[in-house]
Amino acid sequence: MIQKCLFPAAGYGTRFLPATKSMPKEMMPVVNKPLIEYGVDEAMQAGLNEICIVTGRGKRALEDHFDINYELEHQIAGTGKEAYLNGIRDIMNECTFSYTRQTEMKGLGHAILTGRTLVGEQPFAVVLADDLCLNPEGDGVLAQMVALYKQFRCSIVAVEEVPQDQVHKYGVIAGEMIRDDIYRVNTMVEKPSPDEAPSNLAIIGRYILTPDIFDILEDTEPGKNGELQITDALMKQAQNGCVMAYRFKGQRFDCGSVEGFIEATNYCYNTIYAQ
Ligand code: UTP
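What this report covers is the structure whose coordinates are included nearby. Just so we're clear, the structure is a prediction, and the values are computed from it rather than from any experiment.

## A short note on the overall build of the protein
Phase 1 of the analysis: Within the protein, the secondary structure is distributed over 10 helices and 13 strands.
Phase 2 of the analysis: Whereas a compact globule of 275 residues would reach a radius of gyration of roughly 19 Å, the protein reaches 18 Å, a difference of no more than 12%.
Phase 3 of the analysis: Its C-alpha atoms give the protein principal-axis dimensions of about 60 × 40 × 40 Å.
Phase 4 of the analysis: Looking at the 275 residues of the protein, the share that counts as buried comes to 52%.
Phase 5 of the analysis: Long-range pairs, those at least 24 residues apart, make up 76% of the contacts in the protein between residues at least 6 apart in sequence.
Phase 6 of the analysis: Accessible area for the protein stands at about 13000 Å²; split by element, carbon and sulfur atoms hold 48% of it.
Phase 7 of the analysis: Placing the 25 positive and 38 negative side-chain charges of the protein at their respective mean positions leaves the two points 2 Å apart.

## Quick word on the packing of aromatic side chains
Describing an aromatic ring pair means giving the distance of the ring centres and the angle of the ring planes.
Phase 1 of the analysis: One pass over the full model with this rule turns up four aromatic pairs.
Phase 2 of the analysis: Seen from their ring centres, Phe 16 and Phe 261 are 5.4 Å apart, and the 65° between their planes marks the pair as edge-to-face. Of this pair, Phe 16 sits in the loop between strand E1 (4–8) and strand E2 (29–30) while Phe 261 is found in helix H10 (residues 258–273), placing the two residues 245 residues apart along the sequence.
Phase 3 of the analysis: Taking relative accessible area as the criterion, Phe 261 reaches 11% and is therefore assigned buried.
Phase 4 of the analysis: With centroids separated by 5.1 Å and ring planes inclined at 5°, the aromatic side chains of Phe 124 and Phe 214 adopt a geometry described as stacked. On the criterion of sequence distance, the pair formed by Phe 124 in strand E6 (residues 124–127) and Phe 214 in helix H8 (residues 212–218) is long-range, its members being 90 residues apart.
Phase 5 of the analysis: When the ring centre of Tyr 38 is taken as origin, the NZ or CZ atom of Lys 33, which lies over that ring, is 4.6 Å away.

## Regarding the pattern of salt bridges
Phase 1 of the analysis: Throughout the structure, instances matching the rule amount to 16 salt bridges.
Phase 2 of the analysis: Ionic pairing is found between Arg 116 and Asp 215, a salt bridge with its closest N-O pair at 3.1 Å. Linking Arg 116 in helix H6 (residues 116–119) with Asp 215 in helix H8, this pair joins segments that are 99 residues apart in sequence.
Phase 3 of the analysis: One network of salt bridges, in which partners are shared, links Arg 116, Glu 121, Asp 215 and Glu 218.

## Points about the layout of surface pockets
Phase 1 of the analysis: One number sums up the size of the largest pocket: a volume of about 1100 Å³.
Phase 2 of the analysis: Contributing to the lining of the largest pocket are 37 residues, with Arg 15, Lys 25, Leu 128, Asp 130 and Lys 191 lying nearest its centre.
Phase 3 of the analysis: Contributing elements (two or more residues each) for the lining of the largest pocket: helix H5 (108–114), strand E11 (201–209), helix H9 (230–239) and strand E13 (251–254).
Phase 4 of the analysis: When its residues are assigned to classes, the lining of the largest pocket shows 14 nonpolar, 11 polar and 12 charged.
Phase 5 of the analysis: In this structure, the second largest pocket spans a volume of roughly 540 Å³.

## With respect to H10
Phase 1 of the analysis: Three or more residues of H10 are buried, namely Gly 260, Phe 261, Ala 264, Tyr 267 and Cys 268. For H10, the arc enclosing every buried residue in end-on projection is 130°, short of the 170-degree limit, so these residues lie on one face.
Phase 2 of the analysis: The secondary structure elements touched by the buried residues of H10 are E2, helix H1 (35–45), strand E7 (131–134) and E13.

## Some thoughts on the packing of H1 against helix H4 (residues 86–94)
Phase 1 of the analysis: In the contact formed by H1 and H4, the axes pass within 11 Å of each other and the chain directions differ by 50°. In terms of orientation, H1 and H4 fall into the oblique class. Note that H1 runs across H4; the crossing there is left-handed. Counted together, Glu 37, Val 40, Asp 41 and Met 44 of H1 and Gly 87, Ile 88, Asp 90, Ile 91 and Glu 94 of H4 form the full contact between these two elements.
Phase 2 of the analysis: For the contact of H1 with H4, the per-class residue count stands at four nonpolar, one polar and four charged.

## Brief notes about the site of the ligand
Phase 1 of the analysis: Around the ligand sit 18 residues, and of these Gly 13, Thr 14, Arg 15, Gln 102 and Gly 107 come closest.
Phase 2 of the analysis: Look at the ligand: alone it shows 570 Å² of surface, and the protein chains cover 81% of it.
Phase 3 of the analysis: Applying the majority rule of atoms within 2 Å of the grid points places the ligand in the largest pocket.
Phase 4 of the analysis: The residue inventory of the shell around the ligand, partitioned by class, reads eight nonpolar, five polar and five charged.

## So, helix H7 (residues 141–152)
Phase 1 of the analysis: Taking 1.5 Å of rise per residue, 12 residues should cover 16 Å, and H7 covers 16 Å from first to last C-alpha, within 8% of that figure.
Phase 2 of the analysis: Remark: Arg 153 follows H7 within two positions and exhibits a positive phi of approximately 55°.

## Topic: the environment of Ala 158
Phase 1 of the analysis: Within the fold, Ala 158 resides in strand E8 (residues 155–161).
Phase 2 of the analysis: The exposure class of Ala 158 is buried, given its relative accessible area of 0%.
Phase 3 of the analysis: Separated by 88 residues in sequence, Ala 158 and Tyr 246 place their C-alpha atoms 4.9 Å apart.
Phase 4 of the analysis: Beyond its immediate chain neighbours, meaning those up to four positions away, Ala 158 contacts Val 141, Met 145, Ala 202, Ile 203, Ile 204, Arg 206, Tyr 246 and Phe 248.

Basis of the calculations
Residues numbered from 1 in each chain as written. Predicted model: local features only at pLDDT ≥ 70, side-chain atom pairs only at ≥ 80, totals over all residues. Heavy atoms only, no water. Helix = DSSP H or I, 4+ residues; strand = E, 2+ residues; numbered from the N terminus. Rg over C-alpha atoms; globule rule 2.2 N^0.38 Å. Buried < 20%, exposed > 50% of the residue type's maximum accessible area, 1.4 Å probe, protein only. Contact = heavy atoms within 4.5 Å. Areas by Shrake-Rupley, 256 points an atom, 1.4 Å probe, with all protein chains shown as cover. Lys, Arg positive; Asp, Glu negative; His and termini not counted. Charge placed at Lys NZ, Arg CZ, Asp CG, Glu CD. Phe/Tyr/Trp six-rings, centres within 6.5 Å; stacked < 30°, edge-to-face > 60°. Lys NZ or Arg CZ within 6 Å of the ring centre and 35° of its normal. Salt bridge = Lys/Arg side-chain N within 4 Å of Asp/Glu carboxyl O. 1 Å grid on protein atoms, 1.4 Å probe; cavity = no way out; pocket = protein on both sides within 12 Å on 5 of 7 lines; lining within 4 Å. Points joined across faces, edges and corners; volume = space filled by probe spheres on them. Nonpolar A, V, L, I, M, F, W, Y, C, P; charged D, E, K, R; others polar. Arc of directions from axis to C-beta. Axes fitted to C-alpha atoms, helices over the stretch in contact; angles between N-to-C directions. Parallel < 35°, antiparallel > 145°, perpendicular 65-115°, else oblique. Left-handed = near helix turned anticlockwise from the far one by under 90°. Near = heavy atom within 4 Å. Sits in = over half its atoms within 2 Å of the grid points. Expected span 1.5 Å × (residues − 1).

So, in structure tokens, the structure goes:
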């Protein structure tokens, strides 16, 4: 059904300068695992084994991370340290990786459109690796969304309630509630002021998109901040009743901000590593 997961990872990560001057934001480790690997784990758990990554200049470390490092592996072969590589080895056995480059950073919508060459004409998932989502109690957020896609067969955005003074950082939706955790979207506003916001349900970095989104993105003009916004393209799909919003189960950390990153680090250390 859905096999591909697209990771737009070309952004500059300016909120983490100087760390991100020569290192991709997506390689920042939460404890000892880079953000992108958490995202790929989540995709793999949802049965999405074809990983497509949109990179940019200075992002080669992403490709190297999902490849064999012969020298290192030879060096630690047969020692206790090999176990540290179990997770990434599982990923490399289960998944394929393909890459394309976004040459100009014209926004998330543009990054997704750049990924068309990797995705083709099929429904696909999108993960923004700087939103770290964890659900120790059950299925990951993408797995929850893939299950919903089987039911609705339309684009799905993951949403979370945020405080009113935070809505300006997100795309915000409103819609008709069709289950206590599912809405049929009829309005979306990108980074609204608190008075413009149609609700406090903010879109986070997990999407399932139907492939017609690519043609819509081609015809969408740059929006807020002069960037091609995925929200504007989704709004056009929503006008045909084709976008659902899902209030996911689990926890999400905004690792694109220093505060969220520290929170995620503490959470992962306490719930996963120190056990
Ligand atoms: P963000 O705005 O959160 O990431 O974009 P950023 O631009 O890297 O971070 P700051 O604001 O400068 O600190 C959300 C996601 O979209 C990707 C980013 O890599 C991130 O995963 N993105 C954004 C692209 O791939 N290309 C773009 O042109 C813009």
